[in-house]
Amino acid sequence: MAKTTRRAIQAAGTRDVIVDAAARLFTADGYVRTTIDGIAAESGVAVQTVYNSVGNKAALLSAVLDSAASGPGAQAGVLEFMRERTRRAADFQSLIGVLADWFVEVHPRTAGIVAVISQAAAVDSTAARLERDRGLQRLRRYEEAAAAARARGGLSTGMSDAEGAAAICSVGHPQVYRTLVQDAGWSVPAYREWLAKALAAALA
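Residues numbered from 1 in each chain as written. Predicted model: local features only at pLDDT ≥ 70, side-chain atom pairs only at ≥ 80, totals over all residues. Heavy atoms only, no water.

Asker: Account for the overall build of the protein, with residues named and values stated.
Answerer: What the protein contains, in helices and strands, is 10 helices and 0 strands. Each principal axis of the C-alpha distribution contributes one length, and for the protein these read about 55 × 45 × 30 Å. Residues counted as buried form 40% of the 204 residues belonging to the protein. At a minimum sequence separation of 6, the contacts of the protein that also span at least 24 residues come to 64%. (Helix = DSSP H or I, 4+ residues; strand = E, 2+ residues; numbered from the N terminus. Buried < 20%, exposed > 50% of the residue type's maximum accessible area, 1.4 Å probe, protein only. Contact = heavy atoms within 4.5 Å.)

Here you go:
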């Protein structure tokens, strides 16, 4: 194995360790109380290694969110595997199932760090930009899902792809999951059933 390849693997492994440590500390202690020094100590690396491997606290938040969204052992990013799932959806109802299943899958993994980002945004302008940028990123990606719904007979009431994306974003927003499941006590199956009905009605 080439030396550069070994170094790349080692660097990726170090980054993963740092991101995992940051996830634990952010979730347990919140954004303000979590420090780069603490993340370095939890990771067993030098402070400068945290900066070199990932970046500042906002960059760590972003990396933790990406890792949580992709899930353990993911071989591809969220955009890539969701495009593949969408491609395999044969009809409108299948596509609705893909979206509902995705929200049920991703929100339990990301709810904790999304809450931390929301808290951080109130006290840190960089975290506020991260929250805004991630919201806009989701909205842009949902335009692809809306276009896929149109190709399968949906959006037949004159709704544009951008409006369809807004509908998906509203129904599948992480805050809606937190309110219904974590606060109101809905079961995950009940949440999934509601998602399918709400998405079908919004995009039909």
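After presenting the structure, the write-up continues.
Asker: Before we move on, could you go through unusual backbone geometry and cite the residues and values that matter?
Answerer: The phi dihedral of Leu155 is positive, around 50°, even though this residue is not glycine. Examined against the element boundaries, Leu155 turns out to sit in the loop between α7 (125–151) and α8 (161–171). Residue classification places Leu155 among the buried residues on the basis of a relative accessible area of 3%.

Asker: Describe in detail helix α2 (residues 36–43), supporting the description with residues and values.
Answerer: All buried positions along α2 are accounted for by Ile36, Ile39, Ala40 and Ser43. In an axial view of α2, the angular spread of the buried residues amounts to 100°, which keeps them on one side of the axis. Projecting away from the buried face of α2 at angles above 90 degrees are the exposed residues Asp37 and Ala41. One or two steps after α2, the chain reaches Gly44, where phi turns positive at roughly 75°. (Arc of directions from axis to C-beta.)

Asker: How would you summarise the pattern of salt bridges if you had to cite specific residues and measurements?
Answerer: Scanning all chains against the criterion turns up 11 salt bridges. Salt-bridge contacts for Arg83 lead to Glu144; the nearest nitrogen and oxygen are separated by 2.7 Å. Within this pair, whereas Arg83 is found in helix α5 (residues 78–88), its partner Glu144 is found in helix α7, the two being separated by 61 residues in sequence. Judged by relative accessible area, Arg83 falls into the partly exposed class, the value being 43%. Since its relative accessible area comes to 38%, Glu144 is described here as partly exposed. We note a salt bridge from Glu84 to Arg88, for which the minimum N-O separation is 3.2 Å. Of this pair, Glu84 and Arg88 are both found in helix α5, 4 residues apart, which corresponds to roughly one turn of the helix. For Glu84, a relative accessible area of 29% gives the class partly exposed. Taking relative accessible area as the criterion, Arg88 reaches 54% and is therefore assigned exposed. (Salt bridge = Lys/Arg side-chain N within 4 Å of Asp/Glu carboxyl O.)

Asker: Could you give an account of the packing of α5 against helix α6 (residues 92–121), naming the residues involved and the relevant values?
Answerer: Contact geometry for α5 and α6: axes closest at 10 Å, N-to-C directions at 150°. The orientation of α5 relative to α6 falls into the category roughly antiparallel. For the crossing formed where α5 meets α6, the hand is right-handed. Mapping the contact onto sequence places Val78, Phe81, Met82, Arg85 and Thr86 in α5 and Leu95, Val98, Trp102 and Glu105 in α6. When grouped by side-chain class, the residues that make up the contact of α5 with α6 number 6 nonpolar, 1 polar and 2 charged. (Axes fitted to C-alpha atoms, helices over the stretch in contact; angles between N-to-C directions. Parallel < 35°, antiparallel > 145°, perpendicular 65-115°, else oblique. Left-handed = near helix turned anticlockwise from the far one by under 90°. Nonpolar A, V, L, I, M, F, W, Y, C, P; charged D, E, K, R; others polar.)

Asker: Tell me about the layout of surface pockets, and please be specific about residues and values.
Answerer: In this model, the largest pocket occupies a volume close to 810 Å³. For the largest pocket, the lining is made up of 36 residues, of which Ala69, Val78, Leu79, Trp102 and Arg141 are closest to its centre. Secondary structure elements with two or more residues in the lining of the largest pocket: α1 (3–33), α4 (57–70), α5, α6 and α7. The residue inventory of the lining of the largest pocket, partitioned by class, reads 17 nonpolar, 9 polar and 10 charged. Each pocket or cavity is described by its volume, and for the second largest pocket that value is around 170 Å³. In this structure, the second largest pocket is lined by Val19, Asp20, Ala23, Arg24, Thr27, Val64, Ser67, Ala68, Arg109, Gly112 and Ile113. With 5 residues, the single largest contributor to the lining of the second largest pocket is α1. Tallied by class, the residues present in the lining of the second largest pocket amount to 5 nonpolar, 3 polar and 3 charged. (1 Å grid on protein atoms, 1.4 Å probe; cavity = no way out; pocket = protein on both sides within 12 Å on 5 of 7 lines; lining within 4 Å. Points joined across faces, edges and corners; volume = space filled by probe spheres on them.)

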